[in-house]
Each structure stands twice: as C-alpha cells, then as structure tokens.
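# Reading the structure
Okay, here's what each chain looks like letter by letter:
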Amino acid sequence: MSKKIYCIASFEAKEGKEEELLETLQALEPMTLREDGCIQYTVTKHIEHPNAMGKSYPIVFNEIWQSQEAFELHCNKPYITNFFETHCVDKDGLVKDFNVCVYTDEIN
C-alpha cells in the first residue's frame, strides 16, 4: 500500500460566522497546496442529499498527504498552528466546534 494519510477536518462556525470562516479556511488552500507531500487540500461545504443522511459539521477539509511525515510538517507550519490557536482555541475565534480525524490506506 501507499501509506498515504487522509485527513478530514470539520468545522462548525459560531453563529453568523460561517462565511467568514469559510473564507479564512479557503485562504489556507494555496499555501498548503504548495507544501511538499500535499496531494489534495480542499475545503468543502455540506450539502443536503437524500442518500447521505449522516451528521456533519458544515465545513470540511478533505486532505490527502503522501506520508505521515508530510502531514506532520504541515500540522506544525506556523500558519496552521496560528489558525487553530486564533480560531479554534481562542474564545473570540470563528469556530464553535471542530473535529480532525486522520486515516491511512495501509491495511495490516
């Protein structure tokens, strides 16, 4: 297997802040796409669909990385740590709640 890393990072904006959060997240895309090991880094918005009845936060990053090392380097970039500190941790940030999950395609 390829040992790629797949990250799903989902966000719920504070009331009235969804568009501002979406724009803030979209601004991260160009920098991240230039990083070594980034295969995909796309911010998406939830849509209603009759065949997809699961629960989700309204804004989701779909990420694919060539390796765990590339993903770790990304996570420690100042602009990424600043985003999480400013918008997810700080009480005055744009994010009400978030969930970040990481997966691999390596099957033992």
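Summarised in this report is the structure supplied together with it.

Moving on to the environment of Asp-105. As for its position among the elements, Asp-105 is in the segment after strand S4 (95–104). As a C-alpha pair, Asp-105 and Cys-7 span 98 residues in sequence and 11 Å in three-dimensional space. Within the structure, the side chain of Asp-105 is placed 3.1 Å from the side chain of Tyr-6, a separation counted as a polar contact.

What follows deals with the nonpolar core. Phe-11, Leu-21, Leu-25, Phe-61 and Phe-83 are the most contacted members of the largest nonpolar core, which has 22 residues in total. Contributing elements (two or more residues each) for this core: strand S1 (5–13), helix H1 (18–26), strand S2 (38–45), strand S3 (59–65), helix H3 (68–75) and helix H4 (78–89). For this core, the element with the most residues is S1, which contributes five residues. The contacts of Phe-11, once residues within four sequence positions are left out, are Leu-21, Leu-25, Tyr-57, Pro-58, Ile-59, Phe-61, Phe-83, Phe-84, Cys-88, Val-95, Asp-97 and Phe-98.

Position of Glu-63 among the secondary structure elements: in strand S3. One buried charged side chain, Glu-63, makes no salt bridge at all; its nearest oppositely charged neighbour is Lys-77, positioned 13 Å away. Looking at Glu-63, its side chain comes within polar contact range of the side chain of Trp-65, at 2.9 Å. When residues no more than four places from it in sequence are discounted, the contact partners of Glu-63 are Ile-5, Tyr-6, Cys-7, Ala-9, Gln-40, Tyr-41, Phe-71 and His-74.

What counts and how
Residues numbered from 1 in each chain as written. Predicted model: local features only at pLDDT ≥ 70, side-chain atom pairs only at ≥ 80, totals over all residues. Heavy atoms only, no water. Helix = DSSP H or I, 4+ residues; strand = E, 2+ residues; numbered from the N terminus. Polar contact = N/O pair within 3.5 Å; in protein donor to acceptor, adjacent residues only side chain to side chain. Core = buried A, V, L, I, M, F, W, Y, C linked by side-chain atoms within 4.5 Å. Buried < 20%, exposed > 50% of the residue type's maximum accessible area, 1.4 Å probe, protein only. Contact = heavy atoms within 4.5 Å. Lys, Arg positive; Asp, Glu negative; His and termini not counted. Salt bridge = Lys/Arg side-chain N within 4 Å of Asp/Glu carboxyl O.

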